[in-house]
Amino acid sequence: MASWRARSVNLLVRKLLRRGSWGDETQLAHRARRLFGTPAPLRPLYSRGVSITPVNEDGVRGEWLTPKEPLEGAILYMHGGGYVACSPETHRPITATLARLTGRPVFSVDYRLAPENRFPAAVDDVVAAYRWLIDKQSISADRIALGGDSAGGGLALALLLTARDEGLPMPACAVCFSPWTDLTAGGVSIKENDGRCDMFTPENIHDFANAYLGDASPLEPLASPAYSDLKGLPPLLFHVSSTELLLDDSRRVHVAVLEAGGSSRIVIVDGVCHAWQMLGGLVPEARKSLDDAASFIKDHLTD
């Protein structure tokens, strides 16, 4: 059973976010950008103990979050927000915590958002950031871990598929928090958890997907990694809620990776909301998830 603090936050999330329709794609993006992510006044609370350095060079935008006495390697993090909202700043509850817990710098990439920039703009941006870390920052690929939540988790997997198919050196591992891996909304949990999910309805999944895809097919492998060939990937860790619509987006990829001979671990947490890792300091499940992710990353970045 979820903690009482998690249950309390779920009620607030349901009241603030859950709706049958977010409007047309312009309204959807406007509302998501207003409601998703950590409010600006609270962001300094989460960035204690790390230095923050904005980056805008070589076509790559984002921010470094660097802990004191950083260790070798880096984490490349891709924020969530349904491909239409959020930023590196909104996701400091996750990125700054991972920097402190792992002792590694985190580069949080500021990829282009839809509907102004549709698929595959976001994929292109995170691939460019990965190449930049290797080529311009001189960080060996096997000293890089990937991380992402929701849409950012889908981008982390799309980056892995691109690196594999283009012959780029692969990162050490990847952590996906409640990743969005199927833009067709084809998972069984879309129906089974309808009404149980505190944040979204099935209709929302289609609306956010359409805002991102435009005329592109939701079956594009880099848009929906759940329909991709998943062999040849580095070790993966999935954290997902038992009650969210996207539960099967993690379970299906996890199973497919194992069937392809890869390494994957999935943790299903009871009764928390989608991407609950953003709630560090409010719900104990968030810190437990980030602790586990940090241990996984440290294990794979340690010789």
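Here the structure is shown first, and the text comes after it.
Values in this document were obtained by computation on a predicted structure and should not be read as measured data. (Residues numbered from 1 in each chain as written. Predicted model: local features only at pLDDT ≥ 70, side-chain atom pairs only at ≥ 80, totals over all residues. Heavy atoms only, no water.)

## Observations concerning the pattern of salt bridges
Item 1. With the rule as written, the count across this model stands at 15 salt bridges.
Item 2. Notably, a salt bridge pairs Glu25 with Arg118, separated by 2.7 Å at the nearest N-O pair. A residue pair is termed long-range when its members are at least 10 positions apart, and Glu25 in helix α2 (residues 25-35) and Arg118 in the loop between β4 (106-109) and α5 (121-135) qualify at 93 residues.
Item 3. Salt-bridge contacts for Arg143 lead to Glu72; the nearest nitrogen and oxygen are separated by 3.7 Å. Taken together, the residues span a long stretch of sequence, with Arg143 in the loop between α5 and β5 (144-149) and Glu72 in the loop between β2 (60-67) and β3 (74-78) at a distance of 71 residues.
Item 4. A relative accessible area of 10% means that Arg143 is categorised as buried.
Item 5. By relative accessible area, Glu72 is classed as exposed at 53%. (Salt bridge = Lys/Arg side-chain N within 4 Å of Asp/Glu carboxyl O. Helix = DSSP H or I, 4+ residues; strand = E, 2+ residues; numbered from the N terminus. Buried < 20%, exposed > 50% of the residue type's maximum accessible area, 1.4 Å probe, protein only.)

## Overview of the pairing of β5
Item 1. Within β5, six of the six residues are buried, which leaves the element mostly enclosed by the surrounding structure.
Item 2. The alternating pattern of β5 places Ile144, Leu146 and Gly148 on one face and Ala145, Gly147 and Asp149 on the opposite face, and all of these are buried.
Item 3. As judged from the five bridges shared by β3 and β5, these two strands associate in the parallel manner. Among the inter-strand pairings, Tyr77 is bridged to a residue of β5, identified as Gly147.
Item 4. By the bridge criterion, five bridges tie β5 to strand β6 (residues 173-177) in an arrangement that is parallel. Bridge pairing in β6 links Ala145 to Cys173. (Pairing = 2+ DSSP bridges.)

## Thoughts on the packing of aromatic side chains
Item 1. This structure, assessed with the given rule, holds 11 aromatic pairs.
Item 2. Considering the side-chain rings of Phe36 and Phe208, the 6.1 Å spacing of their centres and the 15° angle between planes classify their relative orientation as stacked. Here Phe36, found in the loop between α2 and α3 (43-46), pairs with Phe208, found in helix α8 (residues 202-213); they are 172 residues apart in sequence, far enough to count as distant. The same class applies to Phe36 and to Phe208, which are both buried.
Item 3. Ring centres 6.1 Å apart and planes at 70° place the aromatic pair Phe200 and Phe208 in the edge-to-face group.
Item 4. A cation over a ring is seen here: Arg19 above Trp22, with NZ or CZ 4.9 Å from the ring centre. (Phe/Tyr/Trp six-rings, centres within 6.5 Å; stacked < 30°, edge-to-face > 60°. Lys NZ or Arg CZ within 6 Å of the ring centre and 35° of its normal.)

## A look at the nonpolar core
Item 1. By size, the foremost hydrophobic cluster in this structure holds 80 residues, and its most contacted members are Leu76, Phe107, Leu146 and Tyr212.
Item 2. Among the elements that make up this core, the one with the highest residue count is helix α6 (residues 151-165) (nine residues).
Item 3. When residues no more than four places from it in sequence are discounted, the contact partners of Tyr212 are Tyr83, Ala114, Arg118, Phe119, Ala122, Val123, Leu155 and Leu183.
Item 4. Ranked by size, the runner-up nonpolar core spans 22 residues in total, among them Val50, Leu65, Ile75 and Phe296. (Core = buried A, V, L, I, M, F, W, Y, C linked by side-chain atoms within 4.5 Å. Contact = heavy atoms within 4.5 Å.)

## Describing the sheet that holds strand β7 (residues 236-241)
Item 1. What the eight strands build is an open sheet, ordered β1-β2-β4-β3-β5-β6-β7-β8; its pairing is mixed. The open sheet is flanked by β1 (50-57) and β8 (264-269), the only strands paired with a single partner. Each adjacent strand pair in this sheet contributes to an overall mean axis angle of 20°, direction not counted.
Item 2. Against the sheet, α6 makes contact with β3, β5, β6 and β7, and its axis sits at roughly 145° relative to β5, the strand it touches most. (Axes fitted to C-alpha atoms, helices over the stretch in contact; angles between N-to-C directions.)

## With respect to unusual backbone geometry
Item 1. Note that the residue after Ala114, namely Pro115, is joined by a cis bond; omega there is 0°.
Item 2. At Asp58, a position not held by glycine, the phi torsion is positive, near 55°.
Item 3. Looking at the secondary structure, you find Asp58 in the loop between β1 and β2.
Item 4. Residue classification places Asp58 among the exposed residues on the basis of a relative accessible area of 54%.
Item 5. Of note in the backbone geometry, Ala275 takes a positive phi value of approximately 55° without being a glycine.
Item 6. Assignment of secondary structure puts Ala275 in the loop between β8 and α10 (284-301).

## Here we look at helix α9 (residues 247-259)
It helps to recall that an α-helix has 3.6 residues per turn; residues three or four apart then point in one direction.
Item 1. The end-to-end C-alpha separation of α9 is 19 Å, in line with the 18 Å expected for 13 residues at 1.5 Å each.
Item 2. Those residues of α9 that fall on the buried side of the exposure criterion are Leu247, Asp248, Asp249, Ser250, Val253, His254 and Val257.
Item 3. A positive backbone phi angle near 90° is found at Gly261, which sits one or two residues after α9. (Expected span 1.5 Å × (residues − 1).)

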